[in-house]
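The chain contents come next:
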Amino acid sequence: MLIEFRVSNYRSIGEEQILSLIPAPKQKEYSDNIISKGKHHSLNALAIYGANGSGKSNLLLAMGLLDKLIHLSARSSSTTKLPFDPFLLREGWDKKPTKFEITFIIDEEKYRYGVEFYKESIESEWLYRKGQGREVVLFLRQGDIIDPSSGFKGNAKIIDLAIEATKPNALFLSTCDMFNVEEAKLIFQWFKHFNNIDGIDTEDEEIRTVTMWDNETDREDITHYLLRLNLGFIGVDIFKKDFEESDLPKSINETTRNLLVKDLSGSQGYSIQALHKTYSLDGKETGKSKPWPFDERESKGTNKALHLSGPILWALKNGGVLIIDEIEAKMHPLLTLDTINMFLNKETNPNNAQIIFATHDTNLLSYSDLRRDQIYFTEKNQWESTEIFSLSDFVYLGDLKSSKAAKERPDTDKEKRYFEGRYGAVPFLSPFKPLKSKNNGKKR
């Protein structure tokens, strides 16, 4: 269960920003949107709104980048550069480290893990755990000095070997996992359920769907999920096939084609087909079906639904954290709403999966059962750095005769207020300069 994510000095994000899934106090609406493990509570969904260029994607990219660092850094060479990409619009910030910190729950214990890094090396790294008592440090790292505590679960001699093996550009946590340190492996199991998706380019997610297809139960779930969306087909079939030259795009030049044919000959791939009803000359159903290549003849939105079906169902089945940028891209608003509702509904989300998504789909503000603390906004400040804030943080000042302030009401028309600019996080459009055309050298 994810509790919080912090980031500073990364791309458009300067000062530290906090994305919190802790339920806001005194909010009574949609209590089923709160999930619990022991005494810990979190929200099952977060929506992030903001103008183009306000930093929504960078916030989600930061979450995905931490996941990649954890999984890949210890396996990289000692000369591999770290993905240091600091805020560049304020003097001196290129000399500051990028910082990520994430807080999450495993077996009712709260972990807080963080890292600061430059292009060449890890500046600092830390891991804390909190059970029934106070928070205890498991390890602290400052440059080349790594100091594990006796509370860090694992064989002490193996932990010492991991310290010696940790490269300046690698995470100690990742190195501990390679050495099978008990608590590091536990944390890696949690991150196995952490999936970050680009909602515009979803083709890579197709692999998750294809992999799940081999399991009969998963295959039935994917088929049911797609058919209930009423996308026009009556069935889907995925089957493995030997590579054929005809599988390559026709646009590839001859030299590249010959190289690919040589490399791929004998390998196996897969083919996805959609099944459609066929009709007689007089327009009646024949009872037969017509298969065709899914990616070639189905719409981009339908292909996206297929691509995401695996990750969505896997998260719901395993209780993972699914992060999607531009969730509404290529999709009908009702399909987007359906995806969100699957995470908000305890019947379809019995394992407390969580979804975090960036979107421009304002319909969700009116038609989804999102609480005020589940709606975030991104906006640039006076020095063009991204800032994030929740709708639950909004306070309206009283009039001149009253000093009282009021919170945003749960029954407010949030979509209307957002378009009116009351929450900020919308583009400010300047007047468009009229165009002048010419006709035979003369203005008209």
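Reference entry: report on the structure contained in this document. (Residues numbered from 1 in each chain as written. Predicted model: local features only at pLDDT ≥ 70, side-chain atom pairs only at ≥ 80, totals over all residues. Heavy atoms only, no water.)

1. A word on the pattern of salt bridges
As a reminder of what qualifies: Salt bridge, as used here, is a side-chain nitrogen of Lys or Arg placed within 4 Å of a carboxyl oxygen of Asp or Glu.
A complete count under the given rule lists 19 salt bridges for this structure. Residues joined in a network through salt bridges with shared partners are Glu 4, Arg 6, Glu 16, Lys 99, Glu 101, Arg 112 and Glu 135.

2. A few points about the environment of Ala 62
Defined as follows: By definition, any uninterrupted DSSP run of H or I lasting at least four residues is a helix, any uninterrupted run of E lasting at least two residues is a strand, and each is numbered from the N terminus. Any two residues having at least one pair of non-hydrogen atoms within 4.5 Å are treated as being in contact.
Along the polypeptide, Ala 62 turns up in helix H1 (residues 56-72). Once the C-alpha coordinates of Ala 62 and Tyr 10 are considered, the two residues, 52 residues apart in sequence, prove to be 7.4 Å apart. Discounting residues that sit within four places of it in the chain, Ala 62 has contacts with Phe 5, Val 7, Tyr 10 and Phe 100.

3. Comments concerning the sheet that holds strand S12 (residues 235-242)
Cut-off, in case you're wondering: For two strands to count as paired, DSSP must find a minimum of two bridges between them. Axis lines are fitted through C-alpha atoms, for helices just across the contact stretch, and the angle between N-to-C directions can take any value from 0 to 180 degrees.
Spatial strand order, S12-S13-S14: 3 strands in an open sheet with antiparallel pairing. Each having just a single partner strand, S12 and strand S14 (285-293) make up the two edges of the open sheet. This sheet shows a mean twist of 30° between the axes of neighbouring strands, independent of strand direction. Across 8 bridges, the pairing between S12 and strand S13 (residues 268-279) is antiparallel. Looking at S13, one finds that Phe 239 is bridged to Ser 271.

4. Digging into the packing of aromatic side chains
Formally: Paired rings are identified among Phe, Tyr and Trp, the last through its six-membered ring, by centres lying within 6.5 Å, and are further divided according to the angle between planes into stacked (under 30 degrees), edge-to-face (over 60) and tilted (the rest). Burial classes: relative accessible area under 20% of the type maximum marks a residue as buried, over 50% as exposed, and values in between as partly exposed (1.4 Å probe, protein chains only).
Inspection of the entire model under this criterion finds 19 aromatic pairs. Measuring from ring centre to ring centre gives 5.7 Å for Trp 93 and Trp 383, while their planes differ by 50°; the resulting arrangement is tilted. Here Trp 93, found in the loop between H1 and strand S6 (98-106), pairs with Trp 383, found in the loop between strand S17 (375-380) and strand S18 (386-390); they are 290 residues apart in sequence, far enough to count as distant. Pairing Trp 190 with Phe 191 gives two aromatic rings, centres 5.0 Å apart and planes at 90°, and the pair type is edge-to-face. A residue is classified by how much of its surface remains accessible, and Trp 190, at 11% relative accessible area, is buried. Members of the aromatic cluster, joined through ring pairs, are Phe 104, Tyr 111, Trp 190, Phe 191 and Phe 194.

5. A short note on the nonpolar core
The criterion, for reference: Buried Ala, Val, Leu, Ile, Met, Phe, Trp, Tyr and Cys residues form a nonpolar core when they are joined through side-chain atoms within 4.5 Å.
In this structure, Phe 100, Ile 102, Tyr 113 and Ile 356 are the most contacted members of the largest nonpolar core, which totals 54 residues. The element contributing the most residues to this core is H1, with 8 residues. Among the nonpolar cores identified, the runner-up in size contains 48 residues, and Ala 45, Tyr 225, Leu 337 and Phe 357 belong to it.

6. Describing the packing of helix H5 (residues 206-213) against helix H9 (residues 300-318)
Spelled out, the test is: Any angle that is under 35 degrees is reported as roughly parallel, and any over 145 degrees as roughly antiparallel; angles of 65 to 115 degrees are reported as roughly perpendicular and all others as oblique. The crossing is said to be left-handed when, going from far helix to near helix, the turn is anticlockwise and less than a right angle, and right-handed when the turn is clockwise. Polar here means any residue other than Ala, Val, Leu, Ile, Met, Phe, Trp, Tyr, Cys and Pro, which are nonpolar, and Asp, Glu, Lys and Arg, which are charged; Gly is therefore polar.
Direction vectors running N to C along H5 and H9 enclose 65°, while the axes themselves pass 7 Å from each other. Put simply, H5 runs roughly perpendicular to H9. Two packed elements cross with a definite hand, and for H5 against H9 that hand is left-handed. Counted together, Glu 206, Arg 208, Thr 209 and Met 212 of H5 and Leu 306, His 307, Ser 309, Gly 310, Pro 311, Leu 313 and Trp 314 of H9 form the full contact between these two elements. Residue composition of the contact of H5 with H9, by class: 5 nonpolar, 4 polar and 2 charged.

7. Concerning the pairing of S14
Where S13 lies against S14, 6 bridges are found, and the strand directions are antiparallel. Bridge assignment links Tyr 279 to a residue of S14, and that residue is Glu 285. The antiparallel hairpin formed by S13 and S14 contains 5 residues in its connecting segment, where Gly 283 sits at a positive phi of about 85°.

8. Digging into unusual backbone geometry
Phi is positive for Glu 108, close to 70°, though the residue is something other than glycine. Note that Glu 108 resides in the loop between S6 and strand S7 (109-117). Assessed through its relative accessible area of 43%, Glu 108 is described here as partly exposed. A positive phi angle, near 55°, is found at Glu 326, a position not held by glycine. With respect to the helices, strands and loops of the structure, Glu 326 is situated in the loop between strand S15 (321-325) and helix H10 (333-344).

9. Topic: the environment of Tyr 418
Within the fold, Tyr 418 resides in helix H12 (residues 414-419). When the C-alpha positions of Tyr 418 and Tyr 10 are compared, they lie 27 Å apart, and in sequence the two are 408 residues distant.

10. Topic: the layout of surface pockets
Put simply, the rule reads: Both site types are read off a 1 Å grid over the protein atoms alone. A 1.4 Å probe that fits but cannot get out defines a cavity, while an open set with protein on both sides within 12 Å along at least five of seven lines defines a pocket; lining residues have an atom within 4 Å of a point. Grid points are joined across faces, edges and corners, and a volume is the space filled by probe spheres set on the points.
Space inside the second largest pocket adds up to approximately 460 Å³. Along the walls of the second largest pocket sit 19 residues, with Gly 64, Lys 68, Asn 195, Asn 196 and Ile 197 positioned nearest its centre. Counting only elements with at least two residues in the lining of the second largest pocket, the list comes to H1 and strand S11 (194-198). Considering every element that reaches the lining of the second largest pocket, the biggest residue donor is H1, with 8 residues.

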